[in-house]
Protein chains: 2
Amino acid sequence: MGSRPDFSYVAKLMADSSRAAMLEALLDLDGLPASELAKRANVSLQTASGHLSKLVEGNLLRVEKHGRHRYFRIANAEVAQAIEMLTVLAPSAQVNSLKDFSRSEKIQIARTCYDHLAGKLGVLITEALVEKEYVAEDQDVFIVTKAGEEFFNSFKIDLDALRQKRRHFARKCLDWSERRYHLAGSLGNAILLQLFDLGWIERLPGRAVKVTDTGIKGLEKSFGMDTSKLG
Amino acid sequence: MGSRPDFSYVAKLMADSSRAAMLEALLDLDGLPASELAKRANVSLQTASGHLSKLVEGNLLRVEKHGRHRYFRIANAEVAQAIEMLTVLAPSAQVNSLKDFSRSEKIQIARTCYDHLAGKLGVLITEALVEKEYVAEDQDVFIVTKAGEEFFNSFKIDLDALRQKRRHFARKCLDWSERRYHLAGSLGNAILLQLFDLGWIERLPGRAVKVTDTGIKGLEKSFGMDTSKLG
DNA sequence: TTTATACTTCGATTATAGCCGAAGTATCTG
DNA sequence: CAGATACTTCGGCTATAATCGAAGTATAAA
């Protein structure tokens with residue numbers, strides 16, 4: 001019949017709100033077990049299990065078995081990108097008040113994405129690191145260069161310790177507000193923690209963060225960032 | 001509350017097979033009336049009408065009123081690209097007959113995607129432009145080089161006029177059959193139109209196109225393309 | 001081996017939404 | 001104005017699938 005693959009099959013998989021919640025959780029945090037995904041989608045474990053097998057069968061997720069645990073991940077970067085494309089088309093979350101509006105503005109400038117930086121700030125820092133050739137882009141990950149090793153060392157981030165951790169080291173994470181990549185993984189997390197420690201950023205209510213005055217100076221000096229773009 | 005737009009809303013719009021058939025028809029032929037779309041989706045006019053209002057409300061389609069006629073179009077290039085992205089993820093369609101096979105062969109060799117070239121031809125032309133350094137790949141877009149400015153000028157494509165248009169100029173669009181990028185945006189559209197004008201390509205039924213004999217010669221001469229790869 | 005954990009499968013219920021017939025509105029033709 | 005065309009709205013039917021309780025399997029710990 002058709003000469004063209006049926007995109008509505010994939011759309012159906014993404015159309016259910018429980019499955020969407022699970023996919024979204026996995027965009028933020030790679031490798032969650034079914035029980036955790038059930039919680040995040042507000043459904044029972046049985047329901048979640050059914051949804052997850054559909055997503056795996058449709059090649060949107062893949063699953064890694066470790067004994068009795070099964071960790072789910074987004075299958076590949078194309079899946080993340082397709083979700084990102086749909087997010088771009090979706091009407092932006094409703095803004096019901098002035099408070100909502102300023103919050104949505106702030107959250108697009110700087111926020112945390114699970115445990116690393118996202119939004120304009122996350123993307124700008126990532127791009128500054130690429131610009132200075134401290135990290136280089138690969139398919140799904142960033143690679144730390146020789147210059148980068150020195151830089152992170154002087155920035156009091158212990159790369160070897162991070163590499164020991166049983167999680168991704170420097171992953172590319174697609175940003176829904178900027179439509180560009182920011183740095184995730186344990187290195188992304190370490191940068192976030194260090195910026196908090198230095199007092200360069202502070203938490204606002206929710207996931208939004210605020211860059212302090214010392215932060216502005218620091219980011220310009222250490223990362224060579226053009227902080228006026230944060231406006 | 002929610003800071004992230006809800007992509008499942010858009011996925012739901014694309015998930016229904018009747019709506020998918022309509023969207024697909026509109027990727028082929030821009031500007032069809034409800035009655036025609038009802039036929040192509042094999043549903044009654046009432047049903048089609050309901051689907052179409054949902055698609056318009058969700059900003060996937062826009063509608064132009066001309067008297068008692070209402071012509072529907074894909075709302076913008078992002079919608080087309082999102083559909084292409086989902087198509088990449090979808091399992092390839094089953095081929096049930098010889099006729100299907102030859103059609104699926106043709107459509108993979110050369111077809112239009114929204115308003116520009118896709119398939120093997122689209123990818124080969126794009127890669128030829130990169131090879132000759134007329135355009136350079138960036139993150140999400142292609143950048144026209146100095147040599148490219150001259151080339152397109154001699155090819156009777158007015159880049160400045162294209163840049164005026166309120167749409168993407170030279171976007172990267174992932175190709176579902178080739179799994180590589182082809183050139184989209186207003187420049188991609190201009191190239192398509194110019195190739196039709198020159199008689200280098202001709203429309204086949206549906207979205208497939210055919211390269212003419214003059215086209216073969218022209219593509220080899222102007223783009224330095226190895227047309228034997230077109231199969 | 002027993003018990004606990006993590007998850008899957010089955011079955012019944014329920015809600016959503018896709019579908020069309022019938023009746024309505026808007027626009028053009030004569 | 002009457003009649004035709006193009007489409008929309010309403011109401012009821014129906015099929016799909018999302019949901020969870022209950023019971024089952026697989027692995028790990030004690």
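Above this text sits the structure in question.
Residues numbered from 1 in each chain as written. Chains lettered and ligands numbered in written order. Predicted model: local features only at pLDDT ≥ 70, side-chain atom pairs only at ≥ 80, totals over all residues. Heavy atoms only, no water.

Peer 1: I keep staring at the protein's contact with DNA strand C and nothing clicks. Help me out?
Peer 2: As a matter of local geometry, DNA strand C sits amid 20 residues, with Ser49 and Arg70 of chain A together with Gln46, Thr47 and His51 of chain B nearest to it. Backbone atoms, meaning sugar and phosphate, form 68% of the atoms of DNA strand C found within 4 Å of the protein. Between a phosphate oxygen of DNA strand C and a side-chain N or O atom of Ser35 of chain A, the distance comes to 3.2 Å. The contact in question runs from a phosphate oxygen of DNA strand C to an N or O atom on the side chain of Arg70 of chain A, over 2.3 Å. Elements with a minimum of two residues in the surface near DNA strand C: helix H3 (34-41), helix H4 (45-57) and strand S3 (69-74) of chain A together with helix H2 (17-28) and helix H4 (45-57) of chain B. The leading source of residues in the surface near DNA strand C is H4 of chain B, at four residues. In terms of residue class, the surface near DNA strand C is built from four nonpolar, 10 polar and six charged. (Near = heavy atom within 4 Å. Polar contact = N/O pair within 3.5 Å; in protein donor to acceptor, adjacent residues only side chain to side chain. Helix = DSSP H or I, 4+ residues; strand = E, 2+ residues; numbered from the N terminus. Nonpolar A, V, L, I, M, F, W, Y, C, P; charged D, E, K, R; others polar.)

Peer 1: Explain the nonpolar core to me, please; I cannot follow it from the model alone.
Peer 2: Core analysis: the biggest nonpolar cluster contains 69 residues, and Met14 and Leu86 of chain A together with Met14 and Leu86 of chain B have the highest contact counts within it. Here the element with the most residues in this core is helix H5 (residues 77-89) of chain B; it accounts for eight residues. Contacts of Leu86 of chain B, omitting those with residues within four sequence positions, involve Phe7, Val10, Ala11, Met14, Ala82 and Leu86 of chain A together with Met14 of chain B. With 34 residues, the next largest nonpolar core counts Leu117, Phe142, Phe151 and Val211 of chain A among its residues. (Core = buried A, V, L, I, M, F, W, Y, C linked by side-chain atoms within 4.5 Å. Buried < 20%, exposed > 50% of the residue type's maximum accessible area, 1.4 Å probe, protein only. Contact = heavy atoms within 4.5 Å.)

Peer 1: Looking at this structure, how should I read the sheet that holds strand S3 (residues 69-74) of chain B?
Peer 2: Sheet strands associate in pairs through backbone hydrogen bonding, adopting either a parallel or an antiparallel arrangement. Residues and elements named next belong to chain B. Within the open sheet, the three strands sit side by side as S1-S3-S2. Their pairing is antiparallel. The open sheet has two edge strands, strand S1 (32-33) and strand S2 (61-66), and neither has a second partner. In terms of strand pairing, S1 meets S3 through two bridges, oriented antiparallel. Bridge assignment links Pro33 to a residue of S3, and that residue is Tyr71. Packing against the sheet, H4 makes contact with S2 and S3, and its axis sits at approximately 115° to S2. (Pairing = 2+ DSSP bridges. Axes fitted to C-alpha atoms, helices over the stretch in contact; angles between N-to-C directions.)

Peer 1: What am I meant to see in the packing of aromatic side chains here?
Peer 2: Each pair of aromatic rings is reported with the distance of its centres and the angle of its planes. Applying the stated rule across the entire model yields 12 aromatic pairs over all chains. Between Phe151 of chain A and Phe155 of chain A the ring centres are 5.7 Å apart and the planes differ by 15°, which places this aromatic pair in the stacked class. Its relative accessible area of 8% is what places Phe151 of chain A among the buried residues. Ring centres 5.3 Å apart and planes at 65° place the aromatic pair Phe151 of chain B and Phe152 of chain B in the edge-to-face group. This pair shows no difference in class: Phe151 of chain B is buried, exactly as Phe152 of chain B is. Put simply, the rings of Tyr134, Phe151, Phe152, Phe155, Trp200 and Phe223 of chain A pair up and form one aromatic cluster. The ring of Phe169 of chain B has Arg163 of chain B lying over it, and the distance from NZ or CZ to the ring centre is 4.6 Å. One cation-aromatic arrangement involves Lys172 of chain B over Tyr181 of chain B; the distance from NZ or CZ to the ring centre is 4.9 Å. (Phe/Tyr/Trp six-rings, centres within 6.5 Å; stacked < 30°, edge-to-face > 60°. Lys NZ or Arg CZ within 6 Å of the ring centre and 35° of its normal.)

Peer 1: In this structure, what is going on with the side chain of Arg73 of chain A? I would like to understand it.
Peer 2: Structurally, Arg73 of chain A is set in strand S3. If near-sequence neighbours (up to four positions away) are discounted, Arg73 of chain A is found in contact with Asp30, Gly31, Leu60, Leu61, Arg62, Glu64 and His168 of chain A.

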